[in-house]
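The lines below spell out each chain.
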Amino acid sequence: MTTPWYGAIEAGGTKFICAVGTGPENIRAQVRIPTTTPAETMAAVFDFFDAQVKEVDLAAIGIASFGPVDLHKDSATWGYITTTPKPHWANANIGQAVRDRYNVPVGFDTDVNGVILAEARWGAAQGLNSAVYFTIGTGVGGGGVIDGQLMHGLVHPEMGHMRIPHDLQKDPYAGHCPFHQDCFEGLASGPAIEARWGVKGDALGVDHAAWELEADYIALAMMNIACVLSPQRIILGGGVMQQAQLFPMIRAKLQTYLNGYIQDAAILENMDTYVVPPQLGDVAGICGGLALAMDA
Ligand code: ADP
Ligand code: ZN
């Protein structure tokens, strides 16, 4: 019997990455496509998979997409990106277009849900019952698994838009979320850092005051997450988390904010393994697609 192959699409605001594989150690083909218009980008996605299905059978395709997205299986717009402010992409049909063309089961979810599913299967959350993943990049988003299942509800969690305390004396920057101004994303995303300090985050020195403030916002948000969801591990990724000095600062602040209230060794003694970077690195998004395909 031959291995079943799976297709994966990591649909991002800057690029789509398509791949065929079975997991992080076995990816047989991969392509990177710029996110321009849905018609142009999807045509390139189809070119890639059209060529792949001539060579191998795909058991399913998984799509981990920027959002918000419609995840309701019985909705007429399942598989669509919904209210994104990104030009051309509001109401873009991705999931149904792929399903109709290849006639295989299609798993469709948010990019962060894809990553946490992959980290739970192959990465930093293996063997745990519950964990969350946050990306802190152009936007801020979070996804979670409980007992191996992704968190779904009315739609999907929008953890990046939780409210956190904003001390205007300490940080007069108003925030940049177009919907809520100074929500977590509005205060802590890469563009918020750039707008507040006048330069991109990667141009700020490791000792810059920006990182103390950034760590504070992330720790406040993770206090909410620890209290609301009680995850066994918190994984923090995305461009801003390339600033590795943030990790010890976030761990210390989170412990201070929780103040001994959650009585578990994970927090009281093992903070270094409670808040961690992702393990899958560059292939996390693609593996998210593969994991969604396997579950489809
Ligand atoms: P995206 O969220 O678009 O998928 P990223 O996760 O790479 O992509 O996030 C991009 C954001 O992260 C940008 O706002 C960028 O300025 C910021 N960023 C990227 N690299 C770094 C870095 N080394 N230090 C701080 N900020 C960074
Ligand atoms: Zn918001």
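> Where do I start with the site of ligand 1 in this structure?
Near ligand 1 you find G137, T138, G190, P191, G201, D202, W211, G238, G239, V240, Q242 and Q243, and these make up its full shell. Taking T138, its side chain carries an N or O atom lying 2.6 Å from an oxygen atom of ligand 1. Interatomic distance of 2.7 Å between a side-chain N/O atom of Q243 and a nitrogen atom of ligand 1. The protein chains hide 66% of the 560 Å² of surface that ligand 1 would expose on its own. Considering only residue class, the shell around ligand 1 consists of three nonpolar, eight polar and one charged.

> Could you clarify how one ought to interpret the nonpolar core in this entry?
Across soluble globular proteins, nonpolar side chains have a tendency to be buried as a group. Formed by 39 residues in total, the largest nonpolar core has its most connected members in F134, F184, M222, L236, I250 and V275. Only β6 (130–136), α4 (184–188), α6 (209–229), β9 (234–237), α7 (246–258) and α9 (271–274) provide two or more residues apiece to this core. The element that contributes the greatest number of residues to this core is α6, accounting for 12 residues. In contact with V275, not counting residues within four places along its chain, are I234, L236, F247, I250, R251 and L254.

Scoring rules and cut-offs
- Residues numbered from 1 in each chain as written.
- Chains lettered and ligands numbered in written order.
- Predicted model: local features only at pLDDT ≥ 70, side-chain atom pairs only at ≥ 80, totals over all residues.
- Heavy atoms only, no water.
- Near = heavy atom within 4 Å.
- Polar contact = N/O pair within 3.5 Å; in protein donor to acceptor, adjacent residues only side chain to side chain.
- Areas by Shrake-Rupley, 256 points an atom, 1.4 Å probe, with all protein chains shown as cover.
- Nonpolar A, V, L, I, M, F, W, Y, C, P; charged D, E, K, R; others polar.
- Core = buried A, V, L, I, M, F, W, Y, C linked by side-chain atoms within 4.5 Å.
- Buried < 20%, exposed > 50% of the residue type's maximum accessible area, 1.4 Å probe, protein only.
- Helix = DSSP H or I, 4+ residues; strand = E, 2+ residues; numbered from the N terminus.
- Contact = heavy atoms within 4.5 Å.

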